[in-house]
Amino acid sequence: MRKATFIVMLGIAVAVVAGMGSIKWKTTSIDLGHVTQNEVKDLSFEFTNTTGAPIRILEAKGSCGCTNVKFPASDIKAGETASITANFRSGKIGSFKKNIRIKTSESEEYTYLHFKGEVVE
C-alpha cells in the first residue's frame, strides 16, 4: 500500500512540475504585411511571467543586422507582464522572414519570435 501511495504521489509531483508555468507570449509571430523599402517598423512581443518566480531575459538577438532588439534589464516578477521590442529596417525588395532569439533564466532552451512581410518600393 505504501509503495502504491508513493507512486501516485510521485506521479502527481511530476505532473505539477511539468505543468508549472513558463513565459506566456501574447504572440510569437507578427506579419508586417507590405513595408516600404528603407522603412523602419516597430515590433513588440508582450509576455507574462507565469513561472511563479522572478525571471530575467539573458539574451535577445535579431537574426540579422537589420533588427535592433531591446529587452527589460531587470527581473520580471511572477505574474508581471513585459515586452521585447525591436525595430526592423527594411532593405532589399521582396519577401522576408526574420526571427529574434530569446534566452531566459527560466529555461536552457531558446525561444524564437518570428516576423515576416514583403518589402515594396
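Here, the structure is the one placed above.
Residues numbered from 1 in each chain as written. Predicted model: local features only at pLDDT ≥ 70, side-chain atom pairs only at ≥ 80, totals over all residues. Heavy atoms only, no water.

A.B. asks: Would you mind going over the overall build of the protein with me for this structure?
C.D. replies: Helix and strand counts for the protein stand at 1 helix and 8 strands. Each helix and strand of the protein, placed in order from N terminus to C terminus, yields the pattern α-β-β-β-β-β-β-β-β. The buried share of the protein, reckoned over its 121 residues, is 26%. Considering only contacts in the protein between residues 6 or more positions apart, those separated by 24 or more positions represent 61%. Carbon together with sulfur atoms contributes 53% to the accessible area of the protein, which is approximately 7900 Å² in total. (Helix = DSSP H or I, 4+ residues; strand = E, 2+ residues; numbered from the N terminus. Buried < 20%, exposed > 50% of the residue type's maximum accessible area, 1.4 Å probe, protein only. Contact = heavy atoms within 4.5 Å. Areas by Shrake-Rupley, 256 points an atom, 1.4 Å probe, with all protein chains shown as cover.)

A.B. asks: Where do I start with the state of the cysteines in this structure?
C.D. replies: The bond known as a disulfide is covalent and runs between the sulfur atoms of two cysteines. According to the stated counting rule, one finds 1 disulfide in the structure shown. The residue that forms a disulfide with cysteine 64 is cysteine 66, at a sulfur-sulfur distance of 2.1 Å. (Disulfide = S-S within 2.5 Å.)

A.B. asks: What is the right way to look at the side chain of threonine 104 in this model?
C.D. replies: Position of threonine 104 relative to the elements: it lies in strand S7 (residues 94-104). A polar contact is formed between the side chain of threonine 104 and the backbone nitrogen of glutamate 106, at a distance of 3.2 Å. Once residues within four sequence positions are removed from consideration, threonine 104 is found in contact with Ile23, Arg56, Ile57 and Leu58. (Polar contact = N/O pair within 3.5 Å; in protein donor to acceptor, adjacent residues only side chain to side chain.)

A.B. asks: Would you explain the sheet that holds strand S4 (residues 57-62) in this entry?
C.D. replies: Here we have 4 strands laid out as an open sheet, ordered S2-S8-S7-S4, and mixed in their pairing. This sheet does not close on itself; its edge strands, each paired only once, are strand S2 (29-36) and S4. For this sheet the average axis-to-axis angle between neighbouring strands, irrespective of direction, equals 20°. Relative to S7, S4 runs antiparallel, the two sharing 5 bridges. (Pairing = 2+ DSSP bridges. Axes fitted to C-alpha atoms, helices over the stretch in contact; angles between N-to-C directions.)

A.B. asks: Just checking my understanding: could you explain the sheet that holds strand S6 (residues 81-89) for this structure?
C.D. replies: Paired through backbone hydrogen bonds, the strands of a sheet run either parallel or antiparallel to each other. Pairing is antiparallel in the open sheet, where 4 strands are placed in the order S1-S3-S6-S5. With partners counted over all chains shown, the strands left at the sheet margins are strand S1 (23-25) and strand S5 (67-70), one partner each. Across the sheet, the mean angle separating the axes of adjacent strands is 25° when strand polarity is ignored. Direction of pairing for strand S3 (residues 40-49) relative to S6: antiparallel, over a ladder of 9 bridges. Counted as the bridge partner of serine 44 is threonine 85 from S6.

A.B. asks: It is not clear to me how the pattern of salt bridges should be interpreted in this structure. Could you clarify?
C.D. replies: Working definition: two side chains of opposite charge can pair if their charged atoms are close together. Scanning the entire structure with this criterion turns up 3 salt bridges. Here arginine 56 and aspartate 75 are joined by a salt bridge, their closest N and O atoms 2.9 Å apart. Within this pair, whereas arginine 56 is found in the loop between S3 and S4, its partner aspartate 75 is found in the loop between S5 and S6, the two being separated by 19 residues in sequence. Among the salt bridges present, the one from arginine 101 reaches glutamate 59, with a minimum N-O distance of 2.6 Å. (Salt bridge = Lys/Arg side-chain N within 4 Å of Asp/Glu carboxyl O.)

A.B. asks: Looking at this structure, I do not really get the environment of isoleucine 76. What am I missing?
C.D. replies: Checked against the element boundaries, isoleucine 76 lands in the loop between S5 and S6. Placed 27 residues apart in sequence, isoleucine 76 and asparagine 49 show a C-alpha to C-alpha distance of 6.8 Å.

A.B. asks: Quick question: what am I supposed to make of the side chain of threonine 51 here?
C.D. replies: Here threonine 51 shows up in the loop between S3 and S4. Engagement of the side chain of threonine 51 in a polar contact is seen with the backbone oxygen of alanine 53, the distance being 2.7 Å.

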